[in-house]
Amino acid sequence: MSIRNPNKIGYLPKKVRIAWIAMRAGLLIWGIYGLFHGSVVEFLQAIFAIAFTHLWDMFQLWGGRSFITKVHYKYQTLLNAFIFFGTVIGSTINNRTSFEHCDLISHFLAGLLTAYFAYDFAYLIQGKKGRLSPALAAMFSLGFSCAICIGWEFYEFTMDRLYGLHLQRSLPTSDSGLVDTMVDLILGVAGAVIAMLYIAFKRNGIIGKDKKKIKAEKQRENEMYAEKERVWQEYLSKKNEKSSLMSKDRYFYEMPTDLTDDGRGLS
């Protein structure tokens, strides 16, 4: 018996769909070109990149009823643009020209994009379970971005060892590999910090053209939360009072009535 997946891919504007298809086609053409020019690594890189451009589709189809289905398609658009830039443009310039610093731009942009996404993602995870502190969302944003930066270095190390590449520029007689890794991490974290501060300030009405509107919405939200908290505390107070009265009634009801002077029941 087959189980049908009830989920469908959500609304996607036509312009966005065309842009996604164009970037995926560009990645495929780049990978095939590399394969016919003796670079199996570039072909595999293109295939993995194309798979990552379908993350939003996977979330929509297999996310069930979880928060993952609520991720906005704009984040996939940003991810697709970054993947296309880093894979097609960055790798081509690094491998086929004398300019070898495209990866620096890529690491900085990776920190920016992942932190920007992770801040809103934290609120999606929290959902309706309660209020999420902006400071906690910012910490999650920074931690998420740093984890992605570290994972990227794992990827570079693995590719160097499996295919004899020099993504980390490691040499037996120098510390160039260590320097390359640390510079990549520093740039990634720098991008993450900048994006974290920007998105946190913007979402909380500190900066941006809509800051007055956002502050008013935050004020109404705080007032609603305070009212809910007051009603909840009042409910708990009445419930505890009622429970206390019921306990007293039960005590008097269960207490024996035929007691002697020494407090023992009659035999």
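Scroll up to find the structure this text is about.
Notes on the structure follow. (Residues numbered from 1 in each chain as written. Predicted model: local features only at pLDDT ≥ 70, side-chain atom pairs only at ≥ 80, totals over all residues. Heavy atoms only, no water.)

A short note on helix H5 (residues 102–126)
With 25 residues, H5 should reach 36 Å at 1.5 Å per residue; the first-to-last C-alpha distance of 36 Å fits that figure. Taking the largest bend as the criterion, H5 deviates by roughly 25°, centred on tyrosine 119. A positive phi of about 60° marks glycine 127, the residue just after H5. (Helix = DSSP H or I, 4+ residues; strand = E, 2+ residues; numbered from the N terminus. Expected span 1.5 Å × (residues − 1). Bend = angle between axes of the 7 residues up to and from the residue.)

Description of the packing of H5 against helix H7 (residues 176–203)
Look at H5 against H7: their axes get within 7 Å of each other, and the N-to-C directions meet at 35°. In this structure, the crossing between H5 and H7 has a hand that is right-handed. Partitioning the contact of H5 with H7 into residue classes produces 16 nonpolar, four polar and five charged. (Axes fitted to C-alpha atoms, helices over the stretch in contact; angles between N-to-C directions. Left-handed = near helix turned anticlockwise from the far one by under 90°. Nonpolar A, V, L, I, M, F, W, Y, C, P; charged D, E, K, R; others polar.)

Thoughts on a nonpolar patch on the surface
A surface patch of nonpolar side chains, amounting to about 540 Å² of accessible area, comprises Leu28, Ile32, Leu35, Phe36, Val40 and Ile47. Secondary-structure elements contributing two or more residues to the nonpolar patch are helix H1 (14–36) and helix H2 (40–52). The biggest single contributor to the nonpolar patch is H1, with four residues. Assignment of secondary structure puts isoleucine 32 in helix H1. (Patch = residues over 30% accessible without salt bridge, like charges linked within 9 Å, V, L, I, M, F, W, Y side chains within 5 Å. Areas by Shrake-Rupley, 256 points an atom, 1.4 Å probe, with all protein chains shown as cover. Salt bridge = Lys/Arg side-chain N within 4 Å of Asp/Glu carboxyl O.)

Points about the environment of leucine 61
Tracing the backbone shows leucine 61 in helix H3 (residues 55–62). It is 5.5 Å that separates the C-alpha atoms of leucine 61 and lysine 8, two residues lying 53 residues apart in sequence.

Structural notes on the environment of tyrosine 116
Tracing the backbone through its elements, the reader meets tyrosine 116 in helix H5. Sequence spacing of tyrosine 116 and valine 193 is 77 residues, and the spatial spacing of their C-alpha atoms is 9.7 Å. When neighbours within four sequence positions are excluded, tyrosine 116 is seen to be in contact with Lys74, Tyr75, Leu78, Ser141, Ala195, Tyr198, Ile199 and Arg203. (Contact = heavy atoms within 4.5 Å.)

Points about the pattern of salt bridges
Applying the stated criterion across every chain yields a total of four salt bridges. In this structure, arginine 203 engages aspartate 120 in a salt bridge whose closest nitrogen and oxygen atoms are separated by 2.7 Å. A residue pair is termed long-range when its members are at least 10 positions apart, and arginine 203 in helix H7 and aspartate 120 in helix H5 qualify at 83 residues. Since its relative accessible area comes to 26%, arginine 203 is described here as partly exposed. On the basis of relative accessible area, aspartate 120 is assigned to the buried category, the value being 15%. (Buried < 20%, exposed > 50% of the residue type's maximum accessible area, 1.4 Å probe, protein only.)

Quick look at the packing of aromatic side chains
Within this structure, the stated rule accounts for twelve aromatic pairs. Between phenylalanine 82 and tryptophan 152 the ring centres are 6.1 Å apart and the planes differ by 75°, which places this aromatic pair in the edge-to-face class. Of this pair, phenylalanine 82 sits in helix H4 (residues 73–96) while tryptophan 152 sits in helix H6 (residues 134–163), and the two are 70 residues apart along the sequence. Assessed through its relative accessible area of 14%, phenylalanine 82 is described here as buried. In this structure tryptophan 152 comes out as partly exposed when scored by relative accessible area, which is 22%. Counting every residue linked through ring pairs, the aromatic cluster contains Phe67, Tyr75, Tyr116, Phe117, Phe121, Phe140 and Phe144. (Phe/Tyr/Trp six-rings, centres within 6.5 Å; stacked < 30°, edge-to-face > 60°.)

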